[in-house]
Amino acid sequence: MTNATPPSPCGCDEVPPGTLTVEQARERILSLITPVAEHRRVELMDALGSVLAEAVISPVDVPPHRNSAMDGYAVRSADLPATGTARFTVVGTSWAGRPWTGTVAEGQCVRIMTGAEVPSGADTVIMQEHAEREGDAIVIASGHQPGQNVRQPGEDIRRGEVVLEPGQRLRPAELALLASLGVPEVAVHRKPKVAFFSTGDELVAPGGELGPGQIYDSNRYAIHGMLATLGVEILDLGVIPDTREAVEQAFQAAASQADAIVTSGGVSVGDADYVKETLDRLGEVDFWKIAMKPGKPLAFGKVAGAWFFGLPGNPVSTLVTFYQFAQPALRRLMGQNVGEPLTIRVPCAEPLKKRPGRTDFQRGILERDASGRLTVRSVGQQASHILSGMSRANCFIILPRESGGVDAGTEVDVQPFEGILCP
Ligand code: AMP
Ligand code: MG
């Protein structure tokens, strides 16, 4: 597809009237989609990848009590020596979960473990490496700060504080945070169900024999992987041949069961594609041309109550358009607060070719050069059917519409895959 569009007289990529920019298309999609309304209460262990439907308010202080940040000795700061050394008698031990219940008096200390409650009287912990043990006493030198190595109750979170807002996706850190509050379950949005299928007579599922002119269906595996990573419920409807009946049946089956439908292929102009014709009959779908490369055609709208994303068939275009449009939209459908994708500016190690007109999402490799500086380079071939390049890439290099290419050393916008692939 790289050379499918002949160069226009101005040397620009052709951008037909009515073409949308990437930002316009994303805004239009996001302005229409609202989160799945149904909520569920789920146990923490089942909540990974779900999105909070309600704010979480802390029922407790975290930490719940004053505790030690170190293994060492709990002392009274008033007894710390200003100069020289001081001697303390060890009167007990405070273990994590088994506190020492007495009160530390003048000249006394308590052996204390990390996480153990700091006994009353004491307010400071001396690291064991800084204490000289002499029988039932310790000797410490000057130079310690009052209050050191003591974690105060509520230092992390105070009771009554809003800890997590609605729209927060639950990652491992949030699950741990909720557990640290003693919260056993949370209210989340129901996970949307997303149906997906590939279209095209040329497609054969891996494991089958290729007939003349046929290729293996790769997009369904890409879409499956991207949906599974997002954490939606998935419904695989397989490969649908290019017949009116099969395409219509597939859309009806998908729309009757799912909140959203993602397909690949059949959205560009082609004789044997019944996708457009069927969608005109069954749904309200717009067929867009987007000023981007790869991924110019995109269909978006509704089919009998289900959101529909018709991604272009070329394998790299499928991945790029999913990440740029379907993924943020599905995140919103899941209830998540969707921000701008993370980009960083990095010098490009080599010149990159581009014609003005469309936003390029070139596949790149972000790495450190010999002096440890982050740089980016192209994976090489940038045509929209080159999946091996997509697989070698760890980022998109985003070149703006007006750009006519970059010289080596120029800073470019890079979207690391970690920022978009991870939940
Ligand atoms: P289409 O948008 O249906 O015209 O397809 C554009 C290009 O992508 C054609 O070369 C198709 O053979 C290819 N293609 C479409 N669907 C898939 C798929 N599921 N897996 C691999 N290639 C595909
Ligand atoms: Mg096709």
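One numbering rule holds for all chains: residues counted from 1, following each sequence as written. Chains carry letters and ligands carry numbers; both start at the beginning, A for chains and 1 for ligands, and go up in the order they are written. Predicted model: local features are reported for residues with pLDDT of at least 70 only, side-chain atom pairs are reported and counted for 80 or more only, and whole-chain, interface and lining totals are derived from all residues. Computation of side-chain values: all heavy atoms of the structure, hydrogens and water removed.

Student: Outline the domain arrangement of the chain, supporting the account with residue identities and numerical values.
Tutor: Per the domain assignment, the segments of the chain are domain 1 (22-38 + 190-333), domain 2 (42-60 + 159-189), domain 3 (67-151) and domain 4 (344-421). Should any heavy atoms of two residues lie within 4.5 Å, those residues are considered in contact. The interface is formed by 9 residues belonging to domain 1 together with 6 residues belonging to domain 2. When the buried surface of domain 1 facing domain 2 is broken down by residue, R190, K191 and R331 rank first, second and third, together holding 60% of it. By salt bridge we mean one thing: a side-chain nitrogen of Lys or Arg within 4 Å of a carboxyl oxygen of Asp or Glu. Counting across the interface, domain 1 meets domain 2 through 0 salt bridges. For the purposes of these results, a polar contact is taken to be a pair of N or O atoms within 3.5 Å, where, inside protein, one atom must be able to donate a hydrogen and its partner to accept one; residues adjacent in sequence count only when each atom of the pair is a side-chain atom. Joining domain 1 to domain 2, the criterion identifies 3 residue pairs in polar contact (both at pLDDT 80 or more). Under this grouping Gly is polar, as are all residues other than the nonpolar Ala, Val, Leu, Ile, Met, Phe, Trp, Tyr, Cys and Pro and the charged Asp, Glu, Lys and Arg. Along the lines of polarity and charge, the residues of the side of domain 1 that touches domain 2 split into 3 nonpolar, 2 polar and 4 charged. What counts as a domain boundary in this text is fixed by an automatic or database domain assignment. As used here, buried area is the combined drop in accessible area, with a 1.4 Å probe, of two parts when they are placed together.

Student: So what's going on with the site of ligand 1? Residues and values would help.
Tutor: Lining the immediate surroundings of ligand 1 are 15 residues, of which E202, D217, S218, G266 and G313 lie closest. In this structure, N219 approaches ligand 1 through a main-chain N or O atom, which is 3.4 Å from a nitrogen atom. Taking G266, its main chain carries an N or O atom lying 2.8 Å from an oxygen atom of ligand 1. For the area figures, the Shrake-Rupley method with a 1.4 Å probe applies, and any residue is considered shielded solely by the protein chains shown. In the complex, 78% of the free accessible area of ligand 1, which totals 480 Å², lies under the protein chains. Tallied by class, the residues present in the shell around ligand 1 amount to 4 nonpolar, 9 polar and 2 charged. A molecule or strand has a residue near it when one of that residue's heavy atoms lies within 4 Å.

Student: Talk me through the packing of helix α1 (residues 22-32) against helix α6 (residues 315-334); I want residue IDs and the actual numbers.
Tutor: Here the axes come from fitting lines to C-alpha atoms, over the contacting stretch only for helices, and the angles between their N-to-C directions go from 0 to 180 degrees. For the purposes of this entry, the term helix denotes a DSSP run of H or I that reaches at least four residues, the term strand denotes a run of E that reaches at least two, and both are numbered from the N terminus. At a minimum axis separation of 10 Å, α1 and α6 run at an interaxial angle of 25°. With respect to each other, α1 and α6 are oriented roughly parallel. Between α1 and α6 lies a crossing of right-handed hand. On the side of α1, the interface is formed by V22, A25, R26, I29 and L30, while α6 contributes Q324, F325, P328, A329 and R332. Here the residues of the contact of α1 with α6 are counted per class, giving 7 nonpolar, 1 polar and 2 charged. Working rule for angles: under 35 degrees goes down as roughly parallel, over 145 as roughly antiparallel, 65 to 115 as roughly perpendicular, anything else as oblique. Handedness of each helix crossing follows the sense of rotation of the near helix against the far helix: counterclockwise by less than a right angle gives left-handed, clockwise gives right-handed.

Student: Can you lay out the sheet that holds strand β6 (residues 108-112) for me, pointing to particular residues and giving the numbers?
Tutor: Note on pairing: DSSP must find at least two bridges between two strands before they are called paired. Reading across from one edge, β7-β4-β6-β5-β9-β8 is the order of the 6 strands in this open sheet, with mixed pairing throughout. Since the sheet does not close on itself, it has two edges, and those belong to β7 (124-127) and β8 (131-134), each with one partner. Ignoring which end each strand starts from, the neighbouring axes of this sheet average 40° apart. Where strand β4 (residues 72-75) lies against β7, 4 bridges are found, and the strand directions are antiparallel. Bridge pairing in β7 places A74 opposite V125.

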